[in-house]
Amino acid sequence: MQQIAKYHQRDSHLAVGHRPGDAAARRGSNDQGRILTTRVGLKIPAILSYDRWEKAGLHIFQIADSSAWCLGDWLVYGQERYSDRYRTGVQAAGLDYQTLRNYAWVARHFELGRRRENLSFGHHAEVASLPPEQADTWLDRAEEQGWSRNRLRLQLRESRQGSRAAPLAQVGLPKISVSVDRVDRWREAAAKVEGNFEEWILVALDRAAAHALGD
């Protein structure tokens, strides 16, 4: 397992299509025409082929997706090992606590052996509220069919709508009064994940219940 290396302030190559061991051989080469990574973004050459641009995007996505898992695992460990101090650690790192909680919630529901390398963190987040066997079944389908996260979400929604057609025991939720600002904030959050507002509320409540019950 690779160790997490310290970030260096100098520019570095975005190694698209090269093995890590090739870095030394390229160190003295001309940087012209290469994509360079900096702390605040990319330095992209004026002329870049579509193939290299596409590979760079895939590489960046893989890094970002891996980071979500790593941050989730990091917070889960802190919650379990340093329950009285992990919030201080999160604040010291300058990270958004609510975002990390979402990462941790997904990471906690999927141990390493159940995570699919061919699927994104987002795929796993879509099914994290389901029982493990159901979640694995949906991930199997997504992997076999090559579904995007949005396609998986659509399939789940259609499946739930089909289930609602069957006679089920249902209860009404109590009516609550909330400010317009809070409702607008909730709607904005639902829109960011391209979800139906009512469905987003149900998923949020399921996640909160799972967290409180330690599922």
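Reading the values: rules and limits
- Each chain has its residues counted from 1, running along the sequence as written.
- Given that this is a predicted model, residues contribute local features only at a pLDDT of at least 70 and side-chain atom pairs are listed and counted only at 80 or more, while totals for whole chains, interfaces and linings are drawn from all residues.
- Note that water and hydrogens are dropped before the side-chain values are worked out from all heavy atoms of the structure.
- The quantity called pLDDT is the predictor's confidence in a given residue, expressed from 0 to 100.
- Helix numbers and strand numbers start at the N terminus; a helix is a DSSP run of H or I with at least 4 residues, a strand a run of E with at least 2.
- We call two residues contacting when some pair of their heavy atoms lies within 4.5 Å.
- Any pair of Phe, Tyr and Trp rings, taking the six-membered ring for Trp, is counted once the centres come within 6.5 Å. Such a pair is stacked with planes under 30 degrees apart, edge-to-face with planes over 60 apart, and tilted for the rest.
- The cut-offs for exposure are 20% and 50% of the maximum accessible area for each residue type, with area from a 1.4 Å probe on protein chains only; residues under the lower value are buried, those over the upper are exposed, and the others partly exposed.
- By definition, being over a ring means that NZ of Lys or CZ of Arg is both within 6 Å of the ring centre and within 35 degrees of the ring normal.
- Only the stretch in contact is used when fitting a helix axis, every axis being a line fitted to C-alpha atoms; angles between N-to-C directions are given from 0 to 180 degrees.
- Our angle categories are set so that under 35 degrees counts as roughly parallel, over 145 as roughly antiparallel, 65 to 115 as roughly perpendicular, and the remainder as oblique.
- A clockwise turn of the near helix away from the far one marks a right-handed crossing, whereas an anticlockwise turn of less than a right angle marks a left-handed crossing.
- Ten residues, namely Ala, Val, Leu, Ile, Met, Phe, Trp, Tyr, Cys and Pro, are considered nonpolar, four, namely Asp, Glu, Lys and Arg, are considered charged, and the remaining ones, Gly among them, are considered polar.
- Neither His nor the chain termini are counted; the positive set is Lys and Arg, and the negative set is Asp and Glu.
- Between Lys or Arg on one side and Asp or Glu on the other, a salt bridge is scored when a side-chain nitrogen of the former is within 4 Å of a carboxyl oxygen of the latter.
- Polar contacts, as counted here, are pairs of nitrogen or oxygen atoms within 3.5 Å of one another; within protein the pair requires one atom able to donate a hydrogen and one able to accept it, and residues that are adjacent in sequence qualify only if both atoms are side-chain atoms.

Draft legend 1. Main features of the confidence of the model for the protein. Of all residues in the protein, 76% attain a pLDDT of 70 or more, and the chain-wide mean is 77. Mean pLDDT values for the elements of the protein range from 45 in helix H1 (residues 23-26) up to 94 in helix H6 (residues 132-145). Of the regions scoring below 50 in pLDDT, residues 1-11 engages in 7 contacts with residues more than four places distant in sequence or in other chains. For the stretch residues 15-29, pLDDT sits under 50, and the model shows 10 contacts to residues farther than four places along the chain or on other chains.

Draft legend 2. A look at the packing of aromatic side chains. All chains considered together, the criterion is met by 5 aromatic pairs. Here the aromatic rings of Tyr 50 and Trp 53 are separated by 5.5 Å at their centres, their planes lie at 45°, and the arrangement is tilted. Remark: Trp 53 and Tyr 50 occur in helix H2 (residues 50-81); sequence separation between them is 3 residues, near one turn of the helix. Trp 53 shares its class with Tyr 50; the two are exposed. Taking 6.3 Å as the distance between ring centres and 65° as the angle between the ring planes, the aromatic pair formed by Tyr 77 and Tyr 82 counts as edge-to-face. Judged by its relative accessible area of 31%, Tyr 82 falls in the partly exposed class. Each residue in the set Trp 69, Tyr 103 and Phe 121 is aromatic and connected to the rest through ring pairs, giving one cluster. In this arrangement the basic side chain of Arg 141 is found over the ring face of Trp 138, its NZ or CZ atom lying 4.6 Å from the centre.

Draft legend 3. Expanded view of the packing of helix H4 (residues 97-109) against helix H9 (residues 197-213). Two elements in contact, H4 and H9, have axes whose closest approach is 11 Å; the angle formed by their N-to-C orientations is 70°. What the angle tells us is that H4 and H9 run roughly perpendicular. The way H4 lies across H9 gives a crossing that is left-handed. Where H4 approaches H9, its residues Arg 101, Trp 105 and His 109 are matched on the opposing element by Arg 207, Ala 210 and His 211. Across the contact of H4 with H9, the residue classes tally to 2 nonpolar, 2 polar and 2 charged.

Draft legend 4. Molecular detail of the side chain of Asp 65. Relative to the helices and strands, Asp 65 resides in helix H2. Within the buried core, Asp 65 has no salt-bridge partner, and the shortest N-O distance to an opposite charge, that of Arg 149, equals 7.7 Å. Within the local environment of Asp 65, its side chain forms a polar contact with the backbone nitrogen of Phe 121, the two atoms lying 2.7 Å apart. Those residues in contact with Asp 65 that sit more than four places away from it in its chain are Leu 119, Ser 120, Phe 121 and Gly 122.

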